[in-house]
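Examination of the molecular architecture
For reference, the chains in residue letters:
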Amino acid sequence: ASLLPFHAKSQYYISVMPAFYTTAGNTSSRVTADIELGRQWKVFSLIVFNKIIEDNCSRLPKTSELVLALPGVTSAWLSILAPGKELKPHRGYYKGILRCHLGLKIPEGKVAGICVNGETRFWEKGKCLVFDDNFVHHVWNNSNEHRVVLWLDFLRPLSFGLTCLNKMGVYYFSQSQLIKDILKR
């Protein structure tokens, strides 16, 4: 499964998605999580390791419909980084996925970026950045505006046999205490 068809249509997706970052910022939502930097970095989950968050999907039906139609997507979140904030270097938990960030609300200029394994990139509205989340990475937003991306995790492209093993790995990881704790938030 590939996200290339998604990337080719990313401008269309942006045009039909509502300005959900104002909705997602509502702290009364039980799954709007304050992670790592308190209220400075929020994620709004739609799918968490193949578990659909029905309440949130119902709040963003068009976005959810688009995301749920993508092949191989295991997780989908809206990632909202507050102005002037930076997330310390960290790495993902599972090697069987790749991560895609689709820029939705991106401050002008090269003020909001990501460094993955020593390589720096900057988000652009309507463009996808795909990277291996298992490498050490950190992000920053040196602007006075929020940075919002649609964060998608998808199965790493592998041979048929390894894809089957990877799907089993994703399933077992989805049953882990870490994922259960995320779903409780």
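Refer to the preceding data block for the structure.
Per chain, the residues get numbers from 1 upward, laid out in the order the sequence is written. Owing to the predicted nature of the model, reporting of local features is limited to residues with pLDDT of at least 70; listing and counting of side-chain atom pairs is limited to 80 or more, with chain, interface and lining totals taken over all residues. Note that the side-chain values use all heavy atoms of the structure and ignore hydrogens as well as water.

1. Quick notes on helix 6 (residues 160-174)
In an α-helix there are 3.6 residues to a turn, and that puts residues three or four apart on one side. Short version of the rule: For helices the rule is a DSSP run of H or I covering at least 4 residues; for strands it is a run of E covering at least 2, with both sets numbered from the N terminus onward. Under the convention used throughout, the expected extent of a helix is 1.5 Å for every residue step, that is, one less than its residue count. Note on definitions: a residue-residue contact is assigned when non-hydrogen atoms from the two residues lie within 4.5 Å.
With 15 residues, helix 6 ought to run about 21 Å at 1.5 Å a step, and its terminal C-alpha atoms sit 21 Å apart, in line with that. Buried residues along helix 6 sit against strand 3 (51-52), strand 4 (73-81), strand 11 (147-155) and helix 7 (177-184).

2. A closer look at the environment of Val67
The condition that has to hold: Partly exposed describes any residue whose relative accessible area lies between the buried limit of under 20% and the exposed limit of over 50%, with all areas from a 1.4 Å probe on protein chains only and scaled to the type maximum.
Mapped onto the elements of the fold, Val67 is located in helix 5 (residues 61-68). Owing to a relative accessible area of 2%, Val67 belongs among the buried residues under this scheme. Separated by 10 residues in the primary sequence, Val67 and Cys57 have C-alpha atoms spaced 9.8 Å apart. Setting aside chain neighbours within four positions, we find Val67 in contact with Ile47, Val73, Ala76, Leu150 and Leu152.

3. Focus: the nonpolar core
Here is the rule we go by: The set of buried Ala, Val, Leu, Ile, Met, Phe, Trp, Tyr and Cys residues whose side-chain atoms join them within 4.5 Å is what this entry labels a nonpolar core.
Core analysis: the largest hydrophobic core is formed by 24 residues, its most contacted members being Trp41, Phe49, Tyr94, Ile114, Trp123 and Val139. Listing elements by their share of this core, those giving two or more residues are strand 2 (41-48), strand 4, strand 7 (112-116), strand 9 (128-131), strand 11 and helix 6. Beyond its immediate sequence surroundings of up to four residues, Val139 is in contact with Leu81, Lys85, Glu86, Leu87, Gly113, Ile114 and Trp123.

4. Observations concerning the side chain of His137
Here is the rule we go by: Polar contact criterion, stated in full: a pair of N or O atoms within 3.5 Å, where within protein one must be able to donate a hydrogen and the other to accept it, and residues adjacent in sequence count only if both atoms are side-chain atoms.
The residue His137 is located in strand 10 (residues 137-141) in this model. Classification of His137 by relative accessible area gives buried; the value is 3%. Of the polar contacts made by the side chain of His137, one reaches the side chain of Asp133; its length is 3.5 Å. Once residues lying within four places of it in the same chain are set aside, the contact partners of His137 are Lys88, Pro89, His90, Arg91, Gly92, Arg99, Ile114, Cys115, Val116 and Phe131.

5. Considering the packing of aromatic side chains
Let me state the cut-off plainly: Here a pair means two rings of Phe, Tyr or Trp (six-membered ring of Trp) with centres within 6.5 Å. Their orientation is stacked below 30 degrees between planes, edge-to-face above 60, and tilted elsewhere. Two conditions define a charge located above a ring, namely a distance within 6 Å from the ring centre to NZ of Lys or CZ of Arg, and an angle within 35 degrees of the ring normal.
Per the counting criterion, the structure on display carries 4 aromatic pairs. Ring plane angle 85° and centroid distance 6.3 Å describe the contact between Phe122 and Trp140, whose orientation is recorded as edge-to-face. With a gap of 18 residues between them, Phe122 in strand 8 (residues 119-122) and Trp140 in strand 10 connect regions that are remote in the sequence. Judged by centre distance (5.4 Å) and plane angle (70°), the ring pair of Tyr171 and Tyr172 falls under edge-to-face. Residue classification places Tyr171 among the partly exposed residues on the basis of a relative accessible area of 46%. Judged by its relative accessible area of 57%, Tyr172 is exposed. In textbook terms, an aromatic cluster arises when at least three aromatic residues are bridged by ring pairs, as seen for Trp41, Trp77 and Trp151. The cationic tip of Arg147 hangs over the ring face of Trp123; the distance from NZ or CZ to the ring centre is 4.6 Å.

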